[in-house]
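# Coordinate inspection notes
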Amino acid sequence: MATVTLKPTKVPELMFEGYSITPDAFAGKTAAQIAELPGHEGKFVLKLGDFFTITGDAGATAAETDIVIAGDCTRVKYIGSKMTAGSVTVNGNADMYVGGWMKGGKIHIRGNMDSFCGIQMEGGELLCDGNAGNHVGCAYRGDWRGMKGGLIRIRGNAGNDIGTAMLGGTIIIEKNAFIHVSTHAEGGTVIIKGDVEGRVGGQMVKGEMYVLGKIKFMLPGYKKVGTVEKEVDGGKYTFDHYIGDLGERHGKSKGQIVYANLYLKAAA
């Protein structure tokens, strides 16, 4: 496995669109060639070498390439977008669209991420040690196809609109979230280990949601149907089981109506 290290040398005046920072774009290139790869700052096309010192040559393929960013990328967008293999590690924060449209490989952000991380993700793993902004694993603006596969794990808090129009895959928020979880979802799994303000599962027709904390404002479109024990992310819990959103159309499987499932940890 070959490692390419990027060390930030300049903070963008606006935001730098680092869509070339992927193992796929780096594969088969020397450090000097990687420095020439493009990115945008506003309407201007610049190069990775304008913002980073780059050392190490990439592997022959994306799968053989590890990228390490040795510093903060608070103003760098699209890190790891559309990647299919390999890994990207950021030893600091990252801006919007981390791992957007990714199909494979692994991204590890050791700080915080801004909004739209994992947007329309199809595979791979995205791990954030800190907090995430809004629209985790959601659909692109104006689209109804959200995350389809893979795993997103946020070890801190997240904002609103998590898993909007989600079709598959898993999102795990290890602390709290705000509002709008799995809105319009047609599949996939969202796990919130902390509390949620409300609007959980609005217009959701299929998929699963788990809340291990509290939901401050429960939507009226969910009906409690029982209490169950389930294993979630390595732990066993007792949940109050709700189905919904009852205000939406739902398909049938083997003659039975398919509902979205909301599992809210039962009070002790």
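An account of the accompanying structure is given in this report. Source: prediction; values computed, not measured.

### Some thoughts on the nonpolar core
Residues Ile-21, Phe-26 and Phe-52 are the most contacted members of the largest nonpolar core, which totals 59 residues. Among all residues touching Phe-52, those that are not within four sequence positions of it are Leu-6, Lys-7, Pro-8, Thr-9, Phe-16, Ile-21, Ile-69, Cys-73 and Val-76. By size, the runner-up hydrophobic cluster in this structure holds seven residues, among which are Tyr-210, Leu-212, Phe-239 and Tyr-263.

### Things to note about the pattern of salt bridges
Taken as a whole and judged by the stated rule, the model has eight salt bridges. The partner of Arg-145 in a salt bridge is Asp-143, and the shortest N-O contact between them spans 3.1 Å. Overall, the relative accessible area of 48% leaves Arg-145 in the partly exposed class. A residue is classified by how much of its surface remains accessible, and Asp-143, at 23% relative accessible area, is partly exposed. Among the ionic pairs, Lys-216 bridges to Glu-197, the shortest N-O distance being 3.9 Å. Note that Lys-216 is positioned in strand S17 (residues 215–217) and Glu-197 in strand S15 (residues 196–200), a separation of 19 residues in sequence. A residue is classified by how much of its surface remains accessible, and Lys-216, at 57% relative accessible area, is exposed. Here the salt bridges share partners, and the residues they tie into one network are Arg-153, Glu-174, Lys-193 and Asp-233.

Quick notes on the rules
- Residues numbered from 1 in each chain as written.
- Predicted model: local features only at pLDDT ≥ 70, side-chain atom pairs only at ≥ 80, totals over all residues.
- Heavy atoms only, no water.
- Core = buried A, V, L, I, M, F, W, Y, C linked by side-chain atoms within 4.5 Å.
- Buried < 20%, exposed > 50% of the residue type's maximum accessible area, 1.4 Å probe, protein only.
- Contact = heavy atoms within 4.5 Å.
- Salt bridge = Lys/Arg side-chain N within 4 Å of Asp/Glu carboxyl O.
- Helix = DSSP H or I, 4+ residues; strand = E, 2+ residues; numbered from the N terminus.

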